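# Inside the fold
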Amino acid sequence: MSDLAARFADAQARIKPVTGLGNDVMLAMYALFKQATVGDVSGARPGMLDLRGRAKYDAWAGKRGMSKDDAMTAYVALVDRHAR
């Protein structure tokens, strides 16, 4: 496992027990995690009545084109700011 992948896995473990994060932080973490693990978003955008799904889709779509390594690095940095 590369150093970046190890730091990414460690960041996932460190953020899991953290509570009280704002919706914007949670969406940013979701988008970076999905970009790092899956790549660019695919599929249709959820309908307007699915507010949660639509917000998650839009956050992830905002990371379109970001490389896996860049997404992992940004995710680790975001966790570092919010996990004590």
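Let me sum up the structure you'll find in this document.

Analysis parameters
Residues numbered from 1 in each chain as written. Predicted model: local features only at pLDDT ≥ 70, side-chain atom pairs only at ≥ 80, totals over all residues. Heavy atoms only, no water. Phe/Tyr/Trp six-rings, centres within 6.5 Å; stacked < 30°, edge-to-face > 60°. Helix = DSSP H or I, 4+ residues; strand = E, 2+ residues; numbered from the N terminus. Buried < 20%, exposed > 50% of the residue type's maximum accessible area, 1.4 Å probe, protein only. Axes fitted to C-alpha atoms, helices over the stretch in contact; angles between N-to-C directions. Left-handed = near helix turned anticlockwise from the far one by under 90°. Contact = heavy atoms within 4.5 Å. Nonpolar A, V, L, I, M, F, W, Y, C, P; charged D, E, K, R; others polar. Core = buried A, V, L, I, M, F, W, Y, C linked by side-chain atoms within 4.5 Å.

The full count for this structure, using the stated rule, is 4 aromatic pairs. Ring geometry for Tyr30 and Trp60: centres 6.4 Å apart, planes at 85°, overall edge-to-face. You can see Tyr30 sitting in helix H2 (residues 23-37) and its partner Trp60 sitting in helix H3 (residues 51-61), a full 30 residues away along the chain. According to the relative accessible area criterion, Tyr30 is partly exposed, its value standing at 24%.

Take the packing of helix H1 (residues 3-15) against helix H4 (residues 68-82) next. Between H1 and H4, the least distance of the axes is 9 Å, while the angle of their chain directions is 40°. Our pair here, H1 against H4, has a crossing hand that is left-handed. Where H1 abuts H4, its residues Leu4, Ala5, Arg7, Phe8, Ala11, Gln12, Arg14 and Ile15 lie against Asp69, Met72, Thr73, Tyr75, Val76, Val79, Asp80 and His82. Looking at the contact of H1 with H4, its residues break down into 9 nonpolar, 3 polar and 4 charged.

Let us now look at the nonpolar core. In terms of nonpolar packing, the biggest core is built from 15 residues, with Phe8, Ile15, Met29, Tyr75 and Val79 touching the most fellow members. Put simply, the parts of the chain that give this core at least two residues each are H1, H2 and H4. Considering every element that reaches this core, the biggest residue donor is H4, with 6 residues. For Ile15, the contacting residues outside a window of four places in its chain are Leu21, Met29, Tyr75, Val79, His82 and Ala83.

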